[in-house]
Each structure stands twice: as structure tokens, then as C-alpha cells.
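# Structure assessment
Each chain is listed here by its residues.
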Amino acid sequence: MKPAAFDYVRATSLTHALDLLASADPDGETRVLAGGQSLVPLMAMRLAAPARLVDINRLAALERLEVIDGRLVIGALVRHHRLATDPRVASAAPLLARAATQVAHPAIRNRGTFGGSLAHADPAAAFPACALALGATLTLASAAGRREVPATAFFEGLYQTALRPDELLVEVAVPAATAASRSAFVIFTRRPGDFPVAGLAAVARAADDRSAVDRLADIRLAVFGVGDTPLLADTAAAILESGPIDAARIDAAVAALDTLEIRDSATASVRYRRHLVGVALRRATAALLRPEAVACR
Amino acid sequence: MPMIPNLIPITCTINGETVSLSVSPRETLADMLRDRLGLTATHLGCEHGACGACTIVYDGRTARACLLLAAQADGAVIETLEGASASGRIAALQRAFHERGALQCGFCTPGLLLAAAEVLAEHPAPSRDAIRAALSGHLCRCTGYQAIVDAIEATAAAATGAGSRR
Ligand SMILES: Cc1cc2nc3c(=O)[nH]c(=O)nc-3n(C[C@H](O)[C@H](O)[C@H](O)COP(=O)(O)OP(=O)(O)OC[C@H]3O[C@@H](n4cnc5c(N)ncnc54)[C@H](O)[C@@H]3O)c2cc1C
Ligand code: FES
Ligand code: FES
């Protein structure tokens with residue numbers, strides 16, 4: 001359980017980091033080291049053997065966390081623990097604050113970063129699904145310039161993202177929650193802190209007509225832990241939006257999840273996961289209908 | 001891969017003392033603490049982040065020493081179980097673990113003590129569920145955890161005056 005030999009460079013500025021990523025190492029792959037909570041285990045197990053690590057941990061520019069122009073901007077280096085405890089996150093993105101208390105274990109959350117979790121794109125990770133549900137925009141930088149990528153175009157496949165080898169994920173912006181925002185986070189884990197067998201991150205908006213307590217608008221449902229990437233359940237969301245949410249409409253939305261491409265794993269069959277995703281949608285819908293509710297489990 | 005990896009000079013504070021060393025890029029902080037400094041309370045179980053035996057305090061918060069590189073210690077303030085024990089800051093927890101029999105082989109104990117100290121510092125009176133959640137990243141193959149939760153609960157009760165043991 002020891003990593004293969006590699007070179008280590010601590011980036012002293014964003015430009016330094018981007019220059020290092022732009023200059024190919026003749027010995028092989030250059031990888032960014034953020035929290036190291038996914039990359040270092042992979043290296044210990046020799047599933048990854050980069051030739052060079054660029055350590056971004058001292059780049060204060062990546063620690064930004066602020067609400068500006070109706071968006072919460074989260075620097076790539078913001079750690080899970082900070083997402084779970086910062087009051088700005090609790091008010092502007094309660095979904096992320098809630099999810100952050102459920103990801104891994106305290107010591108992992110002290111080191112793991114939001115950017116690292118998105119860049120790693122583990123199909124069972126919570127934050128990629130939250131980013132998808134929230135309609136996040138990711139800012140990627142390289143020595144050649146910057147570009148913005150919506151979360152819907154970022155997660156390309158199993159551990160595959162739109163990041164090019166010379167690019168760094170700098171920050172992520174999500175629309176700040178309003179008084180009408182609702183969100184729900186549901187996961188099924190074998191033990192607390194394990195990657196989930198199935199999960200759902202959901203956001204919605206209370207109907208403009210406040211007396212319509214059984215109506216929701218702008219529903220986005222991101223199912224995760226069951227396929228190659230987090231999956232947007234658009235059909236189910238459209239069914240829930242289409243009228244008063246009663247038992248029949250919920251049943252129809254759950255039935256619409258059948259079209260999702262769900263895979264099995266060593267511990268969970270497709271049938272079991274499909275069942276769990278349905279249960280997650282029922283629980284999330286109940287929570288979304290309650291004002292101020294961010295549900296869990 | 002470079003045939004002769006460059007050695008990296010680092011200076012850090014470990015258990016209150018300034019330490020300067022040259023480390024190899026592939027050296028983990030856990031190996032540096034154990035093999036170069038003899039701080040063997042940092043136990044190594046899985047070496048990939050799953051068991052919690054290697055828990056230390058890095059810049060004020062608990063971290064897995066097997067998932068940090070020795071090179072990342074440069075400029076950091078690090079505390080191992082030896083430092084926490086010598087300073088007396090976990091004395092009440094240590095006593096409660098002893099009294100309640102919250103350890104058998106002791107392999108998991110250093111990590112559990114540091115994790116317990118962190119949760120008590122932030123939540124002086126945690127529920128049993130909160131204690132269990134705080135320990136979720138720590139595997140103990142001996143005790144079955146009940147006694148560990150009891151010991152942490154008793155420490156919290158004593159400190160907040162809910163219990164009258166000290
Ligand atoms: C025991 C354990 C349990 C866990 N359980 C869960 C769980 O239940 N749910 C969950 O979601 N996660 C879980 N994790 C993963 C954890 O959340 C990681 O912290 C996270 O996946 C990766 O973040 P990191 O900052 O540690 O990234 P790193 O490990 O440093 O990097 C991961 C990958 O992303 C790349 N990268 C990192 N930052 C950037 C950037 N800014 N730009 C471009 N590329 C970048 C790296 O090069 C690497 O390829 C667990 C981890 C452990 C060890
Ligand atoms: S040895 Fe570090 S977590 Fe197991
Ligand atoms: S006391 Fe033996 S592993 Fe916990």
C-alpha cells in the first residue's frame with residue numbers, strides 16, 4: 001500500500017499551477033493534488049501512478065466562498081467540513097450543507113475538497129449530483145484562458161469529466177436559494193459515511209400561488225450511485241410539476257424512473273437499486289412539499 | 001518516473017517542537033512520523049483511508065496521516081497522539097476509556113481518542129447518535145464500539161457537570 005515514485009511540486013500561485021499543468025512531464029501524467037482523499041488511496045493501491053503531483057492546497061485564491069449577484073461561489077479548495085458548517089452555505093445552498101454532513105467521515109471531510117469531489121466524478125459521490133440538481137456552473141482554467149461549463153456538460157462518464165489534462169477546476173457557482181426554494185437529499189448507505197448504494201439530490205420551487213401547497217415548480221432530480229454518472233430524472237420531474245402532487249402523480253413519477261440506466265454492483269442488484277431510487281423519490285417529494293425542509297435518509 | 005526522486009526539505013511543528021527533515025515525494029506523513037521520528041502511536045492499518053488508525057491533527061483538525069504526504073507537512077502544525085497525551089488535553093478521555101474498558105488490543109485507540117476529542121470540542125454534550133457519527137470512520141475489531149461510545153458519553157457528562165464523577 002505504498003504509492004509508486006513520483007515528483008511533487010507545491011504550486012505557489014494559480015499561474016504557477018496552470019504553467020505546471022501546461023508543461024507536459026516527459027515521465028508521464030501530471031495530476032492535481034487537492035484533499036488527496038480519493039487520489040492518494042488510488043495511488044496507494046497503484047490504481048493511479050502519476051509522474052508528477054501539483055499540490056494546490058496553499059492556493060488561497062481557490063478558497064473563495066461568497067454570495068454575489070444571486071449566486072453562491074464556491075472555490076475548488078473549499079473543504080467538505082466548511083460546506084457543512086459555514087452559515088452562508090446553510091442559507092444559500094442548504095442542499096450542499098446537508099449533503100456535506102453525509103459525505104464520508106469527519107477526518108475525510110476536514111481534508112476533502114468540493115472541487116476534488118467534482119473533478120474525481122465518482123458515480124456514487126454526493127456533490128456531483130448536487131451540482132447537477134442545482135444547475136451549477138463550473139469555471140475551468142488553463143494557461144490559455146478560462147471557460148465556463150454547466151454541470152450538465154461536465155460529467156461525461158465513469159470518473160470522466162470535461163476537464164482537459166491542462167485544466168484546473170477553479171470554482172463553482174450555484175444559484176443562491178430564495179424563500180421559495182426547496183431541497184431534499186436522500187441516501188441509502190450500508191454504514192454511515194460509506195458511499196451510498198443509491199441516492200437522490202432534489203431541488204424545487206414553491207408554486208407562485210402560495211395557497212397551492214401541493215404544487216411545485218422547477219423540479220430537478222439528480223439520482224446518483226446507480227449509474228456511470230449522476231442522472232437527471234427529467235421525465236419524473238415533469239410529471240410532478242404537471243399538477244397537484246397526490247398519490248397517483250407520485251406513483252407515475254416513480255414509474256417514470258424505470259427509463260434510467262441503472263447498473264448493478266457487487267452488493268446491489270439493478271432491481272434493488274431501482275426500488276431504492278423509487279423510495280428516495282417518494283421521501284424527497286414529501287420533503288419538498290414541506291416548507292424549509294431539507295430531508296435526509 | 002524520475003530514477004532518483006528529488007528530496008524535499010520541510011520544516012514543521014510536531015507536538016510543539018520544530019522539526020526539519022528532507023523527505024521523499026512518495027513518503028506519507030504516517031511513515032515519516034513512525035519511521036523517522038519514532039512517533040508510533042500513529043498506527044497504520046489499511047494505508048488507504050478506510051480504518052482511521054493513523055488519525056493525527058493537522059493544522060487544528062483531524063486528518064488521515066496515510067492520505068497526507070510528508071511533503072505536505074511543510075509549514076504545518078501537527079499533533080500526534082503522543083503530543084495530545086503529553087499535554088494532558090485528552091486525559092479525561094484516556095481515563096474514561098480505561099475505566100470503561102473501551103479498548104482491548106489498542107490498535108484503534110489513538111485515532112479514536114483524537115476523533116473523540118474533536119467531537120467533544122465542537123459539541124460538548126453530543127447525543128449517542130452524534131458520537132457514533134463522529135466515530136464512523138474508525139474501525140475497531142475488538143470492542144464492538146459500545147464501551148467506546150459509553151466512555152465518550154461519560155467524559156462529556158463529567159465535563160458539562162451532567163454527571164457528578166469529577
Ligand atoms: C474512507 C473514505 C470514504 C469516502 N466516502 C465518500 C462518500 O460517502 N461520498 C462522497 O461523495 N465521497 C466520499 N469520499 C471521497 C471524498 O469525498 C474525497 O474527498 C473526494 O472525492 C475528492 O476530493 P479531494 O479534494 O480529496 O480530491 P483529490 O483526492 O485530491 O483528487 C481527486 C481527483 O480530482 C483531481 N482534482 C482535484 N482537485 C482538482 C481541481 N481543482 N482541478 C482539477 N482536478 C482536480 C485530482 O487530480 C484527482 O484526479 C470518501 C473518501 C474516503 C477516503
Ligand atoms: S491507515 Fe490511514 S486510514 Fe487506515
Ligand atoms: S481495541 Fe483492538 S481494534 Fe479497537
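Basis of the calculations
Residues numbered from 1 in each chain as written. Chains lettered and ligands numbered in written order. Predicted model: local features only at pLDDT ≥ 70, side-chain atom pairs only at ≥ 80, totals over all residues. Heavy atoms only, no water. Helix = DSSP H or I, 4+ residues; strand = E, 2+ residues; numbered from the N terminus. Rg over C-alpha atoms; globule rule 2.2 N^0.38 Å. Buried < 20%, exposed > 50% of the residue type's maximum accessible area, 1.4 Å probe, protein only. Contact = heavy atoms within 4.5 Å. Near = heavy atom within 4 Å. Polar contact = N/O pair within 3.5 Å; in protein donor to acceptor, adjacent residues only side chain to side chain. Areas by Shrake-Rupley, 256 points an atom, 1.4 Å probe, with all protein chains shown as cover. Nonpolar A, V, L, I, M, F, W, Y, C, P; charged D, E, K, R; others polar. 1 Å grid on protein atoms, 1.4 Å probe; cavity = no way out; pocket = protein on both sides within 12 Å on 5 of 7 lines; lining within 4 Å. Points joined across faces, edges and corners; volume = space filled by probe spheres on them.

Taking an unreviewed UniProt entry as the reference, chain A is identified by name as Xanthine dehydrogenase family protein subunit M belonging to Rhodoplanes serenus.

## What to know about the overall build of chain A
A tally of helices and strands in chain A yields 12 helices and 14 strands. Scaling as 2.2 N^0.38, a compact globule of 297 residues should have a C-alpha radius of gyration of about 19 Å, and chain A matches this with 19 Å. Overall, chain A is about 60 × 45 × 30 Å in size when its C-alpha atoms are taken along their principal axes. Evaluated residue by residue, chain A yields a buried proportion of 56% over its 297 residues. When contacts within chain A are restricted to residue pairs at least 6 apart in sequence, those whose partners lie at least 24 apart make up 62%.

## A few points about the site of ligand 1
Residues and elements named next belong to chain A. Taken together, 30 residues form the shell around ligand 1, and within it Val32, Gly36, Gln37, Leu39 and Thr113 come nearest. Residue Gly35 places a main-chain N or O atom 2.8 Å away from an oxygen atom belonging to ligand 1. A distance of 3.4 Å separates an oxygen atom of ligand 1 from a polar atom in the backbone of Gly193. Protein contacts shield 93% of the accessible area of ligand 1, which totals 980 Å² for the unbound molecule. Elements that contribute at least two residues to the shell around ligand 1 include exactly strand 2 (30–33), helix 7 (114–120) and strand 10 (168–175). Ranked by the residues each element gives to the shell around ligand 1, the list is headed by helix 7, at four residues. Residues that form the shell around ligand 1 fall into these classes: 16 nonpolar, 12 polar and two charged.

## Looking at the side chain of Thr55(B)
Looking at where Thr55(B) falls in the secondary structure, it is placed in strand 3 (residues 55–58). Here Gly52(B) takes part through its backbone oxygen, which lies 2.6 Å from a polar atom of the side chain of Thr55(B).

## A short note on unusual backbone geometry
Residues and elements named next belong to chain A. Even without being glycine, Arg46 reaches a positive phi, approximately 60°. Along the polypeptide, Arg46 turns up in the loop between helix 2 (39–44) and strand 3 (52–55). One non-glycine residue, Ala104, lies in the positive phi region at around 55°. Mapped onto the elements of the fold, Ala104 is located in the loop between helix 5 (94–100) and helix 6 (106–111).

## Examining the side chain of Thr62(B)
Structurally, Thr62(B) can be placed in strand 4 (residues 61–64). A polar atom in the side chain of Thr62(B) sits 2.8 Å from the side chain of Glu118(B). In this structure, Thr62(B) is in contact with Ala107(A), Asn110(A), Thr55(B), Ile56(B), Val57(B), Leu114(B), Ala115(B) and Glu118(B), ignoring residues within four places of it in sequence.

## So, empty space enclosed by the protein
Tallying each qualifying case throughout the model produces one cavity of 30 Å³ or more. Considering only enclosed or pocket space, the largest cavity measures out at about 50 Å³ in volume. As for the largest cavity, its lining consists of Met1(A), Pro3(A), Val40(A), Ala44(A), Thr28(B), Leu44(B), Glu47(B) and Cys66(B). In terms of residue class, the lining of the largest cavity is made up of six nonpolar, one polar and one charged.

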